[in-house]
Amino acid sequence: MSEFDRVVIITGGSRGIGRAIALALAGSKSVMLLNHYDPDDSEAEKTLEMLKPLAAQAEAFRFDISSSDRVNEFYEDIIKRFGRIDVLVNNAGITADNFLVRMKESEWDRVLNIDLKGAYLMTQQAAKVMMKQRSGRIVSISSVVGAKGNIGQVNYSAAKAGLIAMTKTAAMELAGRGITVNAVAPGFIDTEMTAVLPQKIKDEFLRNIPMGRMGTVDEIAGVVAFLVSDAATYVTGQTIHINGGLYS
């Protein structure tokens, strides 16, 4: 593979869990390709600076993963330039919380489009390339709420549950081509998304976590790093729960 030994794509890679995963997967001969859809490139640029001493090459791309045209354009460019894709991490996700009876159709559509449809589009195109290579690793970041539900998050819960089901089926379809497909389901993790929650809600979450603390982005990244490593070649179709005992 010329001067590179691994081409890695991470959606939502500019900050939080995505940034931690990028740092964990970077290597001296790796190409790190980070998608984001932030209002600007400032966070992505910070991540690229952090990757400079760790990866052979790192780039950020701002586009909406729920747009099939933009996804196709991205993959065409990547294949033309690098010729292969070794790892895809579907990390991008948003929330638009509301109670079921109050939820607007636009809130449902927005979350399902990014969190589930976007992962489907990215996975579909990556799988086509990986099938020709007869190798590849795909990991989707689901959530504990995709397994147990959560009040006020019917859209987010549905999307994250969909990722788990998509993972199981894709794993079956792609196993014969040397491709593993797994999911990671974080619990209550210390990120920008949880930082804005009122302290009362945080305290309620913590009371229900046997370990009594929030998880860290590095703890999520470590499991992703295992799943895309040579140590996990016989692991596929699995959802690894990382939640401090909140759900099993």
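Data block above holds the structure.
What counts, and where the lines are drawn
- Residues numbered from 1 in each chain as written.
- Predicted model: local features only at pLDDT ≥ 70, side-chain atom pairs only at ≥ 80, totals over all residues.
- Heavy atoms only, no water.
- Pairing = 2+ DSSP bridges.
- Helix = DSSP H or I, 4+ residues; strand = E, 2+ residues; numbered from the N terminus.
- Axes fitted to C-alpha atoms, helices over the stretch in contact; angles between N-to-C directions.
- Contact = heavy atoms within 4.5 Å.
- Salt bridge = Lys/Arg side-chain N within 4 Å of Asp/Glu carboxyl O.
- Buried < 20%, exposed > 50% of the residue type's maximum accessible area, 1.4 Å probe, protein only.
- Core = buried A, V, L, I, M, F, W, Y, C linked by side-chain atoms within 4.5 Å.
- Arc of directions from axis to C-beta.
- Polar contact = N/O pair within 3.5 Å; in protein donor to acceptor, adjacent residues only side chain to side chain.
- Phe/Tyr/Trp six-rings, centres within 6.5 Å; stacked < 30°, edge-to-face > 60°.
- Parallel < 35°, antiparallel > 145°, perpendicular 65-115°, else oblique.
- Left-handed = near helix turned anticlockwise from the far one by under 90°.

Strand order in this open sheet of 7 strands is 3-2-1-4-5-6-7, and the pairing throughout is parallel. Lying at the two open borders of the sheet, with one neighbouring strand each, are strand 3 (57–62) and strand 7 (239–242). Neighbour-to-neighbour, the strand axes of the sheet open up by a mean angle of 15°, direction not taken into account. Pairing of strand 4 (residues 87–90) with strand 5 (residues 136–141), which is carried by 4 bridges, proceeds in the parallel orientation. Bridge pairing in strand 5 places Val89 opposite Val139. Strands in contact with helix 1 (residues 16–25) are strand 1 (6–10), strand 2 (30–36), strand 4, strand 5 and strand 6 (179–186); relative to strand 1, the strand with the most contacts, it is inclined by about 175°.

A word on the pattern of salt bridges. Summed over the entire model, instances satisfying the criterion amount to 11 salt bridges. A salt bridge links Arg19 to Glu43; the nearest nitrogen and oxygen atoms lie 2.9 Å apart. Of this pair, Arg19 sits in helix 1 while Glu43 is found in helix 2 (residues 42–51), placing the two residues 24 residues apart along the sequence. According to the relative accessible area criterion, Arg19 is buried, its value standing at 17%. Taking relative accessible area as the criterion, Glu43 reaches 14% and is therefore assigned buried. Within the structure, one salt-bridge network assembled from shared partners comprises Arg15, Asp38 and Glu192.

This paragraph deals with the nonpolar core. With 28 residues, the main nonpolar core has Ile9, Leu33, Phe74, Tyr75, Leu88 and Met122 as its most contacted residues. Elements that contribute at least two residues to this core include exactly strand 1, strand 2, helix 3 (68–82), helix 4 (105–133), helix 6 (154–174) and strand 6. No other element matches helix 4, which puts 6 residues into this core. Ile21, Ala55, Ile141 and Val217 belong to the second largest nonpolar core, which has 26 residues in total.

Now for helix 2. Among all positions in helix 2, only Glu43, Ala44, Thr47, Leu48 and Leu51 are buried. One side of helix 2 carries all its buried residues, which in axial view fall inside an arc of 140°.

On to the side chain of Gln125, then. Take Gln125: it is sitting in helix 4. On the accessibility criterion, Gln125 (16% relative accessible area) is buried. A distance of 3.4 Å separates the side chain of Gln125 from the side chain of Asn72, its partner in a polar contact. Setting aside anything within four residues of it in sequence, one finds Gln125 in contact with Val71, Asn72 and Tyr75.

A few words on the packing of aromatic side chains. Given two aromatic rings, their pairing is described by the distance between the two centres and the angle made by the two planes. Scanning the entire structure with this criterion turns up 5 aromatic pairs. Judged by centre distance (5.4 Å) and plane angle (75°), the ring pair of Phe74 and Tyr75 falls under edge-to-face. Accessibility assignment for this pair places Phe74 and Tyr75 in one class, buried. Linked through ring pairs, Phe61, Phe63, Phe74 and Tyr75 together constitute an aromatic cluster.

On to the packing of helix 3 against helix 4, then. Any two packed helices are characterised by the angle at which their axes cross and by the distance between the axes. Two elements in contact, helix 3 and helix 4, have axes whose closest approach is 10 Å; the angle formed by their N-to-C orientations is 30°. It follows from the interaxial angle that helix 3 and helix 4 lie roughly parallel. The two elements helix 3 and helix 4 meet at a crossing, and its hand is right-handed. Here Ser68, Val71, Asn72, Phe74, Tyr75 and Ile79 of helix 3 lie close against helix 4, whose contacting residues are Leu121, Met122, Gln125, Ala126 and Val129.

For the rest of this paragraph, the subject is the environment of Ala158. You can see Ala158 is positioned in helix 6. Overall, Ala158 belongs to the partly exposed group, its relative accessible area being 29%. It is 8.6 Å that separates the C-alpha atoms of Ala158 and Val145, two residues lying 13 residues apart in sequence.

Bear in mind that shape data such as this cannot, by itself, settle questions of function.
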